[in-house]
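Observations on the three-dimensional arrangement
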Protein chains: 2
Amino acid sequence: MNKSIEKLITTTQALLWERGYVGTSPRAIQDRAGVGQGSMYHHFRTKAELAQAAEERSAAELIEEVRALLDAPGDPLDRVLTYLRRERDVLKGCRIGRLAADPEVVADPALRKPLEHAFGWITERLAALLREAQDCGRLPQEWDAQSLAATVLAVIQGGYVLARAANSPAPFEQAIEGLIALLTNNATAED
Amino acid sequence: MNKSIEKLITTTQALLWERGYVGTSPRAIQDRAGVGQGSMYHHFRTKAELAQAAEERSAAELIEEVRALLDAPGDPLDRVLTYLRRERDVLKGCRIGRLAADPEVVADPALRKPLEHAFGWITERLAALLREAQDCGRLPQEWDAQSLAATVLAVIQGGYVLARAANSPAPFEQAIEGLIALLTNNATAED
DNA sequence: CAGTAAAAACATACTAGTAGGTACAATCTG
DNA sequence: CAGATTGTACCTACTAGTATGTTTTTACTG
């Protein structure tokens, strides 16, 4: 067990979430982690390398949380709705989506990969559930599950953006409710 | 006409879009604008003051562009769909939404206000059109137009996030197509 | 099992360059 | 020529490290 490495990664995760990649300085990481400069640069050669480790951890944690919700037993569409209504610290935003705003993250393949992986995984998992929902007759067969999955994830990510712009969770909640109305009151609802 | 003021504002608009508030330094603004430090600090007392002017300009421009699209003649729902399919430089993201990621912007009321104003205006305008669409019978009356408007805007903003994370416009386009399917293939479609 | 060698871990000092300004003199412009 | 504008110098603090020295572990030998 290396205590310093662990502390550096969790601290960097927190700072990346709060302030993004450009807004997070090595010094801020060291101070908050209570780890000296020499230590930090011993374990991680650059800020980017440490950020990458932190991103990978955050992506894995997010995937694990979403997997737990979406793998639950029950009706597939209901599980998607549960995921949509999941409790969130809305104004804090998404630990992964936040990083997509940083040009340095998007430009560096190593820094961008964890984002692509997390969002790719969630989209695929949602698409699979939505296809199940189509097979159950709860969604029209002619809809494209893959596109719909992207829509679901986009509403969440966009909801965060609107909420932070308004400094209020209300737009997030409205966006979610609007999507739920769209998903539950569709052409198959009258069967 | 003050040439320096104009150049400073348009340059800051561009830099805020590209790099956000934290990532934009006074020096970078001066260099790209070709304006000296003395000039800049003569016209704008702080970086925040200049950023605010740039944000207000960007918000006004965005509103004007959206207004032009949404005020066009024709069926209200079709106008929303046209807005959704509008051409965009997807990987560049939204000039306003990008700033919601910056904690310093969200924390400062003066810097946050233009975002709240722009998104508030667009949401209201969309909600009005969606209500019209309900009155035309193209959307179910029981849906809440305000929530739906938030959903539409969230899909766009979230689409940008997903696209940048994937370094590809594809997730954006999928999210839009999914939303269009939801909006056009609903319970009233069988009337 | 003591002793030691090597490596891993941590700390301190230093660096060139940038962030976000202030102070003030010089220069336009009406 | 007064007031608006601009250029230059300067400031303190921070960024992203490098360089170097000091402990602390671990691993092996006799």
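Residues numbered from 1 in each chain as written. Chains lettered and ligands numbered in written order. Predicted model: local features only at pLDDT ≥ 70, side-chain atom pairs only at ≥ 80, totals over all residues. Heavy atoms only, no water.

1. Comments concerning the protein's contact with DNA strand C
For DNA strand C, the set of nearby residues contains 15 residues, the closest of which are S4(A), S39(A), H43(A), P26(B) and Q37(B). Each atom of DNA strand C within 4 Å of the protein belongs either to a base or to sugar and phosphate, the latter forming 66%. Separating a phosphate oxygen of DNA strand C from a side-chain N or O atom of S25(B) is a distance of 3.1 Å. Between DNA strand C and the protein, one listed contact pairs a sugar or linking oxygen with a side-chain N or O atom of Y41(B) at 3.2 Å. Those elements giving two or more residues to the surface near DNA strand C turn out to be α3 (37-43) of chain A together with α2 (26-33) and α3 (37-43) of chain B. Looking at the surface near DNA strand C element by element, the count peaks at five residues for α3(A). When its residues are assigned to classes, the surface near DNA strand C shows two nonpolar, 11 polar and two charged. (Near = heavy atom within 4 Å. Polar contact = N/O pair within 3.5 Å; in protein donor to acceptor, adjacent residues only side chain to side chain. Helix = DSSP H or I, 4+ residues; strand = E, 2+ residues; numbered from the N terminus. Nonpolar A, V, L, I, M, F, W, Y, C, P; charged D, E, K, R; others polar.)

2. Regarding the protein's contact with DNA strand D
Around DNA strand D, a shell composed of 15 residues is seen, among which S25(A), P26(A), Q37(A), H42(B) and H43(B) lie nearest. Considering DNA strand D, the proportion of its atoms within 4 Å of the protein that are sugar or phosphate atoms stands at 62%. With respect to DNA strand D, the side chain of Q37(A) contributes an N or O atom lying 2.4 Å from a base nitrogen. Of all the secondary-structure elements, those providing two or more residues to the surface near DNA strand D are α2 (26-33) and α3 of chain A together with α3 of chain B. Top element by residues in the surface near DNA strand D is α3(B). It accounts for five residues. In terms of residue class, the surface near DNA strand D is made up of two nonpolar, 11 polar and two charged.

3. Looking at the environment of K47(B)
Residue and element names in this part refer to chain B. Its place among the elements puts K47 in helix α4 (residues 47-70). The exposure class of K47 is partly exposed, given its relative accessible area of 23%. In sequence terms K47 and G158 are 111 residues apart; their C-alpha atoms lie 28 Å from each other. Residue contacts for K47: discarding those within four places in its chain leaves Y21, V22, T24 and P26. (Buried < 20%, exposed > 50% of the residue type's maximum accessible area, 1.4 Å probe, protein only. Contact = heavy atoms within 4.5 Å.)

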